[in-house]
Amino acid sequence: MTTYEAAGVDIEAGERAVELMKDKVARSRRPEVVDDASGFAGLFDASALLRYQRPLLATSTDGVGTKVMIAQRYGKHDTIGIDLVGMVLDDLVVCGAEPLFMTDYIACGKVVPERIAEIVGGVAEGCRLAGAALVGGETAEHPGAMGADEYDLAGAGTGVVEASAMLGPSRVAEGDVVLGLASSGIHSNGYSLVRHVVREAGLSLDASLPELARPLGEELLEPTRIYSLDCLELARTLEVHAYAHITGGGLEANLSRSLPSHLDALLDRSSWTPSAIFGVLAGHGGIEQEAMDRTFNLGVGMAAVVPADVADAAIKLLVGRGLETWVLGEIVAGTGQARYR
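All of these numbers come straight from a predicted model, not from anything done at the bench. (Residues numbered from 1 in each chain as written. Predicted model: local features only at pLDDT ≥ 70, side-chain atom pairs only at ≥ 80, totals over all residues. Heavy atoms only, no water.)

1. Some remarks on the overall build of the protein
Which entries qualify depends on this criterion: Under the scheme used here, helices are H or I runs from DSSP no shorter than 4 residues and strands are E runs no shorter than 2 residues, and both carry numbers assigned from the N terminus. In this description the radius of gyration comes from C-alpha coordinates, and the expected globular size is given by 2.2 Å times residues to the power 0.38. Accessible area is worked out with a 1.4 Å probe on protein chains only. A residue is then buried under 20% of its type maximum, exposed over 50%, and partly exposed in between. In what follows, residue pairs with any heavy atoms lying within 4.5 Å of each other are defined as contacts. A 1.4 Å probe and the Shrake-Rupley method give the accessible areas. Residues count as covered only by the protein chains that appear here.
Counting its secondary structure elements, the protein contains eleven helices and twelve strands. For 341 residues, the compact-globule estimate of 2.2 N^0.38 gives 20 Å, and the protein sits close to it at 21 Å. For the protein, the proportion of its 341 residues judged to be buried stands at 51%. If you take every contact in the protein between residues at least 6 apart in sequence, the share linking residues at least 24 apart comes to 85%. Here the protein has roughly 15200 Å² of accessible surface; of this, 51% comes from carbon and sulfur atoms.

Following this line, the structure appears as structure tokens:
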């Protein structure tokens, strides 16, 4: 008899994966989450928005990209979900929005319950770090379309910001200071180039390189830093004009998106030293500085634009929260570009 299982889809494995992830997902719960007995939808109590005068809902969607291929090759799946949350929810905080909830989607060649639970556990942990709830998700088994050990994941998030408190280019003024907020490493962008370098240089993910304090695979899988709560606290405490999430395209391209057309961000490359992994990639791959700038965050995961008179207090606040922060540059007259001195 022909069955779904004979076609390669294991329904019981999917159900076991759900059971294994329940406790981890529960850790991300917010008080506004409402249980749906059917389990078909995630519910969030919108009456929580009544405290806003004009609430604007913000939404973002993203994936992790080919970093998942490093996780698959290295056999480490418990932090890739954190990367997903960083890519989705830290986009929301750029406009000043508080992340409220998120959903995820995992496609795989074969449901291995323990592996799926590890991935979703990472998503739940990322949501907890961002102050958001993981309210739902979907795992789809695609035998024949994907290998048994292959998977991909994506997600979508929703946040809210008071209309009068929305951050962005219109608030940025000449004389403002640009702060650099340190990244935890490569984050989740540029991994097609990373994999190319690893392959062409003949590097093993288990390799111990003199520049790194741990195996290469561990360094490449360092999870994306999540900035949501730090950025929200800074904006609640001090005046902030804009943020820029430094993802694909690098510092110059992403910071330019947060500038008005008549101002530039003049950046000082000597104000920080990128972590060693970037030097490893540039050296083994023969990558020129311009290509590094266009591809990687190079140690700056988020930038904040603040008035000059609060810059010191902002640095003190963020450093006090365990986030390395420094003066990265200044806002000057220009044409809407972030550029180095």
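2. Some remarks on the environment of A97
Of note, A97 is situated in the loop between α3 (80–92) and β4 (98–108). Since its relative accessible area comes to 0%, A97 is described here as buried. Along the backbone, A97 and A163 are 66 residues apart, and their C-alpha atoms lie at a distance of 9.7 Å. Not counting chain neighbours up to four residues away, the residues in contact with A97 comprise A58, L92, G159, V160, V161 and L232.

3. Let's talk about the nonpolar core
What counts is decided by this rule: Take the buried residues of types Ala, Val, Leu, Ile, Met, Phe, Trp, Tyr and Cys, join any two whose side-chain atoms come within 4.5 Å, and each joined set is a nonpolar core.
Grouped together as the largest cluster of nonpolar side chains are 54 residues, with contacts concentrated most on L153, I186, L220 and I277. Once you skip the residues sitting within four places of it in the chain, I186 turns out to touch Y191, V194, L220, I277, F278, L281, F296 and N297. V94, L179, L181 and V306 belong to the second largest nonpolar core, which has 22 residues in total.

4. Some details on the sheet that holds β4
The test is simple: A strand pair is defined by DSSP finding two or more bridges across the two strands. Note on method: axes are straight lines fitted to C-alpha atoms, helices fitted across the in-contact stretch only, with angles between N-to-C directions ranging 0 to 180 degrees.
One open sheet accounts for four strands, arranged β3-β6-β4-β5; its pairing is mixed. Taken across any chain shown, the strands that pair with only one partner, and hence form the sheet edges, are β3 (55–63) and β5 (133–141). Mean inter-strand twist for the sheet, computed between neighbouring axes without regard to direction, equals 15°. Running over the sheet, helix α4 (residues 113–130) touches β4, β5 and β6 (151–162) and is turned about 165° from β4.

5. Description of empty space enclosed by the protein
Our working definition: Every definition here rests on a 1 Å grid over the protein atoms only: cavities are sets of points where a 1.4 Å probe fits but cannot get out, pockets are open sets enclosed by protein on both sides within 12 Å along at least five of seven lines, and lining residues have some atom within 4 Å of a point. Grid points are joined across faces, edges and corners, and a volume is the space filled by probe spheres set on the points. For this scheme, ten residues count as nonpolar: Ala, Val, Leu, Ile, Met, Phe, Trp, Tyr, Cys and Pro. Four count as charged, namely Asp, Glu, Lys and Arg, and the remainder, Gly too, count as polar.
Counted according to the given criterion, the structure contains one cavity of 30 Å³ or more. The computed volume of the largest cavity comes to approximately 40 Å³. Around the largest cavity, the lining residues are L251, E252, W272, D293, F296, N297, L298 and Y340. Looking at the lining of the largest cavity residue by residue, the class counts come to five nonpolar, one polar and two charged.

6. A closer look at the packing of aromatic side chains
A ring pair, where both rings are aromatic, is described by two values, the distance of the centres and the angle of the planes. The criterion, for reference: Between rings of Phe, Tyr and Trp, where Trp is taken as its six-membered ring, a pair exists when centres lie within 6.5 Å; planes separated by under 30 degrees are stacked, by over 60 edge-to-face, and by other angles tilted. Whether a charge lies above a ring is judged from NZ of Lys or CZ of Arg, which has to be within 6 Å of the ring centre and within 35 degrees of the ring normal.
Taken as a whole, this structure holds three aromatic pairs when the rule is applied. Between F44 and F101 the ring centres are 5.1 Å apart and the planes differ by 40°, which places this aromatic pair in the tilted class. Of this pair, F44 sits in strand β2 (residues 43–44) while F101 sits in strand β4; the two residues are 57 residues apart in sequence, bridging distant segments of the chain. Since its relative accessible area comes to 18%, F44 is described here as buried. What makes F101 partly exposed here is its relative accessible area of 21%. One residue, R269, lies across the ring of Y340, its end atom 3.8 Å from the ring centre.

7. Quick notes on the pairing of strand β7 (residues 177–182)
Residues in a regular strand point their side chains to alternate faces of the sheet. The buried fraction of β7 is high, at six of six residues. Burial along β7 is two-sided: the face carrying V177, L179 and L181 and the face carrying V178, G180 and A182 are both buried. Relative to strand β11 (residues 325–333), β7 runs antiparallel, the two being bridged by five bridges. Bridged to V177 within β11 is E330.

8. A word on the state of the cysteines
We count it as follows: We call a pair of cysteine sulfur atoms a disulfide whenever their separation is within 2.5 Å.
Per the counting criterion, the structure on display carries zero disulfides. Free of any disulfide, C95 has its nearest neighbouring cysteine sulfur in C231, separated by 11 Å. Not engaged in a disulfide, the cysteine C108 finds its nearest cysteine sulfur in C127; these two sulfurs lie 19 Å apart. Overall, C108 belongs to the buried group, its relative accessible area being 1%.

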